[in-house]
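For reference, the chains in residue letters:
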Amino acid sequence: MKKSLLVLVALTVVCAALAQAAEPTIVGVPKCVMCHKVKTGDQAKIWTESAHAGAFATLKGPAAIAIAKEKGLGNPWEEAACLKCHTTKAFLGAALEATTKWVPEEGVGCEACHGAGSEYKSKAVMEDHAAAVAAGMKMGGKETCVKCHNAESPTFKAFDYDKMWALIKHPVPEAAAK
């Protein structure tokens, strides 16, 4: 009886570990920018210069503090209602990879649109677009953007996806894709 119970407990622990391992984890912008530089389309620079990179920082500004106060919230940089659209981790609700360099200050990083990267981050996978998608990489799009760019946001103005995408698009050049 004790042996059966011990085996059952061991199997439960193994199954729980496998189930948790099956969920992709966030690797953070530093891991992405290691490769996504000039040679591959300069996605790192495009992101760095975008409002997404500064999304968390805006929560510490006077306008965000005033809006939070008006809404009866505390510090916007600590409020789930604000963080869900100003940080990748809160947006995805995903766990962090054990060795991640992710910090909230990276704002809305690569993985907010492309999915938690632990399963597709390797160079071998990323060099094969179909393999990257099969490993969990998403291509984002309007349906991703409007999860935050909508009337629920206290600063929402009309959202023109095509116009906004033109400001942040970051394709991989054909030569780099080969």
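Anyway, here's the lowdown on the structure attached to this text. (Residues numbered from 1 in each chain as written. Predicted model: local features only at pLDDT ≥ 70, side-chain atom pairs only at ≥ 80, totals over all residues. Heavy atoms only, no water.)

1. Looking at the overall build of the protein
At step 1: If you tally the helices and strands in the protein, you get 13 helices and zero strands.
At step 2: In the protein, the order of α-helices and β-strands from amino to carboxyl end is α-α-α-α-α-α-α-α-α-α-α-α-α.
At step 3: With the model as given, the accessible surface of the protein reaches about 11800 Å², and the carbon-plus-sulfur share is 65%. (Helix = DSSP H or I, 4+ residues; strand = E, 2+ residues; numbered from the N terminus. Areas by Shrake-Rupley, 256 points an atom, 1.4 Å probe, with all protein chains shown as cover.)

2. Considering the state of the cysteines
At step 1: Tallying each qualifying case throughout the model produces one disulfide.
At step 2: Free of any disulfide, Cys35 has its nearest neighbouring cysteine sulfur in Cys32, separated by 8.9 Å. (Disulfide = S-S within 2.5 Å.)

3. Side note on unusual backbone geometry
At step 1: The phi torsion at Asp42 lies on the positive side, around 60°, for a residue other than glycine.
At step 2: Tracing the backbone through its elements, the reader meets Asp42 in the loop between helix H2 (29-33) and helix H3 (43-48).

4. Section: the environment of Cys145
At step 1: Within the secondary structure, Cys145 is located in helix H11 (residues 142-145).
At step 2: Judged by its relative accessible area of 18%, Cys145 is buried.
At step 3: With 16 residues separating them in the primary sequence, Cys145 and Tyr161 have C-alpha atoms 7.9 Å apart.
At step 4: Residues in contact with Cys145, not counting those within four places in the same chain, are Phe159 and Tyr161. (Buried < 20%, exposed > 50% of the residue type's maximum accessible area, 1.4 Å probe, protein only. Contact = heavy atoms within 4.5 Å.)

5. Concerning the pattern of salt bridges
At step 1: Scanning the model with the defined rule gives four salt bridges in all.
At step 2: Its salt-bridge partner being Glu97, residue Lys121 comes within 2.6 Å of it at the nearest N-O pair. Placement of Lys121 in the loop between helix H8 (110-114) and helix H9 (123-126) and of Glu97 in the loop between helix H7 (88-92) and H8 is noted, with a sequence separation of 24 residues between them. (Salt bridge = Lys/Arg side-chain N within 4 Å of Asp/Glu carboxyl O.)

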